[in-house]
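Structural description and commentary
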Amino acid sequence: MQNSKIVIAIDGFSSCGKSTMAKELARKIGYIYIDSGAMYRAVTLYCLNNNLIKEDSINESELKKVIDSLQITFKINPDTGKPETYLNGKNVEKEIRTMQVSDKVSPVSAIPFVRTAMVAQQQALGKQKGVVMDGRDIGTTVFPDAELKIFVTASPETRAQRRVDELTQKGTKVSFEEVLDNVKKRDYLDQHREVSPLRKADDALLLDNSNMSLAEQDIWLMEQYNRICEK
């Protein structure tokens, strides 16, 4: 497989650092990074901004009318060198990372027609290969034939603390208990939804990064990538 580009699928639980590792791996090997979770967050943000979510109820009939017109793209921020999420041409990177969006993204992403629309966009983005994509169902549904599949996990408490640290860095104050509750709720919803529930693909490599540094994680990822490419 030397010199030919592959598809790398990184799945796992929320706040496992999937996006961080996927971005870094893509940067190192010169691949395109696609954040599938950001796509579902963008749909959720659209719902919140257009009053399609009332408490725990989602106005699915109205969302279904517009879902195919929601264009989600990624552009590199020239100052940071990192990809940012755009919804219908507007930069929404900061808005989609709020706790308000985090609290509603699992039920929105569980809607079958939302997943169908997003999977179609993701498959189109990855058609040319040379992509690293992270999410919940990349190795099982979006790219079941991906050459390298990784499933990431860590304890709920570890993941909640990482999320608190990340939000604090961005100037958002949240309590550990609130974030831990959100992590556990999302775990349950992600694993029990009807369409494309979160699960490890049979041929995915398991990575528990509870006690790994970012550097150790990056070394492990590069080892797996090189192993596949040397075949």
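Figured I'd write up the structure that's included with this text. (Residues numbered from 1 in each chain as written. Predicted model: local features only at pLDDT ≥ 70, side-chain atom pairs only at ≥ 80, totals over all residues. Heavy atoms only, no water.)

**Details of the sheet that holds strand 7 (residues 90–91)**
Judged by pairing direction, the sheet is antiparallel, and its 3 strands sit side by side in the order 5-6-7 without closing on themselves. The sheet terminates laterally at strand 5 (72–76) and strand 7, the two strands that pair on one side only. As paired strands, strand 6 (residues 83–87) and strand 7 are joined by 2 bridges and run antiparallel to one another. Considered in strand 7, the bridge of Tyr86 is made with Asn91. Along the sheet, helix 2 (residues 36–49) makes contact with strand 5 and strand 6, crossing strand 5 at roughly 120°. (Pairing = 2+ DSSP bridges. Helix = DSSP H or I, 4+ residues; strand = E, 2+ residues; numbered from the N terminus. Contact = heavy atoms within 4.5 Å. Axes fitted to C-alpha atoms, helices over the stretch in contact; angles between N-to-C directions.)

**Side note on the packing of aromatic side chains**
Within this structure, the stated rule accounts for 2 aromatic pairs. On the basis of an interplanar angle of 80° and a centroid distance of 5.9 Å, the ring pair of Phe13 and Phe151 is categorised as edge-to-face. Of this pair, Phe13 sits in the loop between strand 1 (7–12) and helix 1 (18–29) while Phe151 is found in strand 9 (residues 148–153), placing the two residues 138 residues apart along the sequence. For Phe13, a relative accessible area of 14% puts it in the buried group. On the accessibility criterion, Phe151 (7% relative accessible area) is buried. Each ring, one from Tyr31 and one from Tyr225, has its centre 6.1 Å from the other, and the planes form 85°; the classification is edge-to-face. Taken as a pair, Tyr31 in the loop between helix 1 and strand 2 (32–35) and Tyr225 in helix 9 (residues 214–229) lie far apart in primary sequence, 194 residues in all. (Phe/Tyr/Trp six-rings, centres within 6.5 Å; stacked < 30°, edge-to-face > 60°. Buried < 20%, exposed > 50% of the residue type's maximum accessible area, 1.4 Å probe, protein only.)

**Quick look at unusual backbone geometry**
Among all residues save glycine, negative phi is the norm, and among peptide bonds the norm is trans. Even without a glycine there, the phi angle at Ser15 is positive, about 60°. Looking at where Ser15 falls in the secondary structure, it is placed in the loop between strand 1 and helix 1. A positive phi angle, close to 55°, is found at Glu55, a residue other than glycine.

**Topic: the nonpolar core**
In this structure, Val43, Leu63, Ile67, Val114 and Met118 are the most contacted members of the largest nonpolar core, which totals 37 residues. Among the elements of the structure, strand 1, helix 2, helix 4 (99–109), helix 5 (112–125), strand 8 (131–135) and helix 6 (138–142) are those that each provide at least two residues to this core. Ignoring any residue separated from it by four or fewer positions in sequence, one finds Val114 in contact with Tyr40, Val43, Leu63, Ile67 and Val108. Within the second largest apolar cluster, 28 residues are counted, among which are Tyr31, Leu148, Val152 and Tyr225. (Core = buried A, V, L, I, M, F, W, Y, C linked by side-chain atoms within 4.5 Å.)

**A look at the sheet that holds strand 10 (residues 205–208)**
Strand order in the open sheet formed by 5 strands is 2-8-1-9-10, and the pairing between neighbours is parallel. Every other strand in the sheet has two partners, leaving strand 2 and strand 10 as the edge strands with one partner each. Direction aside, neighbouring strands of the sheet carry axes that sit 20° apart on average.

**With respect to helix 8 (residues 176–192)**
Taking 1.5 Å of rise per residue, 17 residues should cover 24 Å, and helix 8 covers 24 Å from first to last C-alpha, within 8% of that figure. Within the sequence span of helix 8, burial applies to Val179, Leu180, Asn182, Val183, Arg186, Asp187 and Asp190. Down the axis of helix 8, the sector holding all buried residues measures 160°, keeping them to one side. The exposed set on the far side of helix 8, more than 90 degrees from its buried face, consists of Glu177, Tyr188 and His192. (Expected span 1.5 Å × (residues − 1). Arc of directions from axis to C-beta.)

**Notes on the packing of helix 2 against helix 4**
It is at 8 Å that the axes of helix 2 and helix 4 come closest, and there the two elements cross at 105°. As summarised for this structure, helix 2 and helix 4 are arranged roughly perpendicular, according to the angle between their axes. In this structure, helix 2 uses Tyr40, Arg41, Val43, Thr44, Leu45 and Leu48 to contact helix 4, whose residues at the interface are Gln100, Val101, Ser102, Lys104, Val105, Val108 and Ser109. Here the residues of the contact of helix 2 with helix 4 are counted per class, giving 7 nonpolar, 4 polar and 2 charged. (Parallel < 35°, antiparallel > 145°, perpendicular 65-115°, else oblique. Nonpolar A, V, L, I, M, F, W, Y, C, P; charged D, E, K, R; others polar.)

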